[in-house]
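Structural features, examined
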Amino acid sequence: QLQAFGGGLVQAGGSLRLSCAASGRTFSSYHMSWFRRAPGKEREYVAAINWSGGDTYYADFVKGRFTISRDNAKNTVYLQMNSLKPEDTAVYYCAAYRVRDLGWYFDQLEEYDYWGQGTQVTVSS
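Bear in mind the structure is a predicted one, so any value in this text is a computation, not a measurement.

Describing the overall build of the protein
A count of helices and strands for the protein gives zero helices and eleven strands. Going from N to C terminus, the protein has its helices and strands arranged as β-β-β-β-β-β-β-β-β-β-β. In summary, the protein has a C-alpha radius of gyration of 14 Å against a globular reference of 14 Å for 125 residues, a match within 12%. On the principal axes, the C-alpha backbone points of the protein span a range of 45 × 25 × 25 Å. Once local pairs closer than 6 in sequence are excluded, the contacts in the protein between residues at least 24 apart make up 58%. Summed over all atoms, the accessible surface of the protein reaches about 6600 Å², with 46% contributed by carbon and sulfur. Across the protein, the 13 positively charged side chains and the 12 negatively charged ones have centroids separated by 6 Å.

Structure follows, in structure tokens:
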């Protein structure tokens with residue numbers, strides 16, 4: 001089970017840090033990602049991190065502004081969001097992909113085994 005939190009209302013240029021806490025004792029067996037869904041749009045990939053935290057990936061529209069990280073001892077993945085823009089307004093979801101001997105298409109929604117409930121981020125101009 002995944003529980004996302006940390007969203008809120010922030011002015012453009014501000015920062016927020018999202019957290020996603022996972023239950024269970026196998027967190028390090030999962031690659032983790034963040035997706036978002038803006039009003040009237042499809043859910044889209046934002047950032048991904050592999051099971052160890054050694055590899056991270058970002059959508060072009062957040063590169064240089066967002067940072068994904070994880071703490072396997074705390075069963076938590078984070079998304080630090082800086083220089084927020086009004087177009088970042090969305091519900092943000094964390095997702096878990098169980099590591100297996102297949103390629104991981106981290107930007108594809110259907111790859112993921114578990115999803116959090118989402119946390120709302122609103123950026124005012």
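Section: the pattern of salt bridges
One pass over the structure, following the stated rule, counts five salt bridges. The residue aspartate 88 makes a salt bridge to arginine 36 at a minimum N-O spacing of 2.9 Å. A residue pair is termed long-range when its members are at least 10 positions apart, and aspartate 88 in the loop between strand 8 (76-81) and strand 9 (90-98) and arginine 36 in strand 4 (residues 30-37) qualify at 52 residues. An identical accessibility class is assigned to aspartate 88 and arginine 36; each is buried. Note that aspartate 60 is salt-bridged to lysine 63, the shortest N-O span being 3.2 Å. A single burial state applies to aspartate 60 and to lysine 63, both of which are exposed.

With respect to the packing of aromatic side chains
If you walk through the whole model with that rule in mind, you get eleven aromatic pairs. Taking 5.9 Å as the distance between ring centres and 25° as the angle between the ring planes, the aromatic pair formed by tyrosine 97 and tryptophan 104 counts as stacked. Here the aromatic cluster, defined as three or more aromatic residues joined through ring pairs, consists of Phe35, Tyr45, Tyr57, Tyr97, Trp104, Phe106, Tyr112 and Trp115. Just above the ring of tyrosine 93 sits the side chain of arginine 43; from NZ or CZ to the centre is 3.7 Å.

Considering the pairing of strand 9
For a regular strand, side-chain orientation follows a simple rule: the groups alternate between the two sheet faces. A large share of strand 9 lies buried, amounting to seven of its nine residues. Here strand 4 runs beside strand 9; their pairing, made up of eight bridges, is antiparallel. In the sheet register, arginine 36 faces strand 9, and the bridge partner there is tyrosine 92. Relative to strand 10 (residues 114-115), strand 9 runs antiparallel, the two sharing two bridges. Opposite alanine 96, over in strand 10, you have tyrosine 114 as the bridge partner.

Conventions we followed
- Sequence order sets the numbering: in each chain, residues are counted from 1 along the sequence as written.
- A pLDDT threshold of at least 70 governs which residues receive local features in this predicted model, and a stricter bar of 80 or more applies before side-chain atom pairs are shown or counted, although totals over entire chains, interfaces and linings include all residues.
- Working from all heavy atoms in the structure, the side-chain values ignore hydrogens and water.
- The numbering of helices and of strands both runs from the N terminus, where a helix is a DSSP run of H or I of at least 4 residues and a strand a run of E of at least 2.
- Computation of the radius of gyration draws on C-alpha atoms alone. For the globule rule, the value is 2.2 Å times the number of residues to the power 0.38.
- Note on contacts: a residue pair is in contact if any heavy atoms of the two residues lie within 4.5 Å.
- Working definition of accessibility: Shrake-Rupley area with a 1.4 Å probe, residue cover restricted to the visible protein chains.
- Two residue types count as positive, namely Lys and Arg, and two as negative, namely Asp and Glu; His and chain ends fall outside the count.
- Where a charge lies is defined by one atom per residue type, namely NZ (Lys), CZ (Arg), CG (Asp) and CD (Glu).
- For this document, the term salt bridge refers to a Lys or Arg side-chain nitrogen within 4 Å of an Asp or Glu carboxyl oxygen.
- Between buried and exposed lies partly exposed: a residue is buried under 20% and exposed over 50% of the maximum accessible area for its type, with that area taken using a 1.4 Å probe on protein chains only.
- Two rings belonging to Phe, Tyr or Trp (six-membered ring only in the last case) form a pair when the distance between their centres is within 6.5 Å. Interplanar angles under 30 degrees mark stacking, angles over 60 mark edge-to-face geometry, and anything in between is tilted.
- The rule is short: NZ of Lys or CZ of Arg within 6 Å of the ring centre and within 35 degrees of the ring normal puts a charge over the ring.
- DSSP bridges decide pairing: two strands pair if at least two such bridges lie between them.

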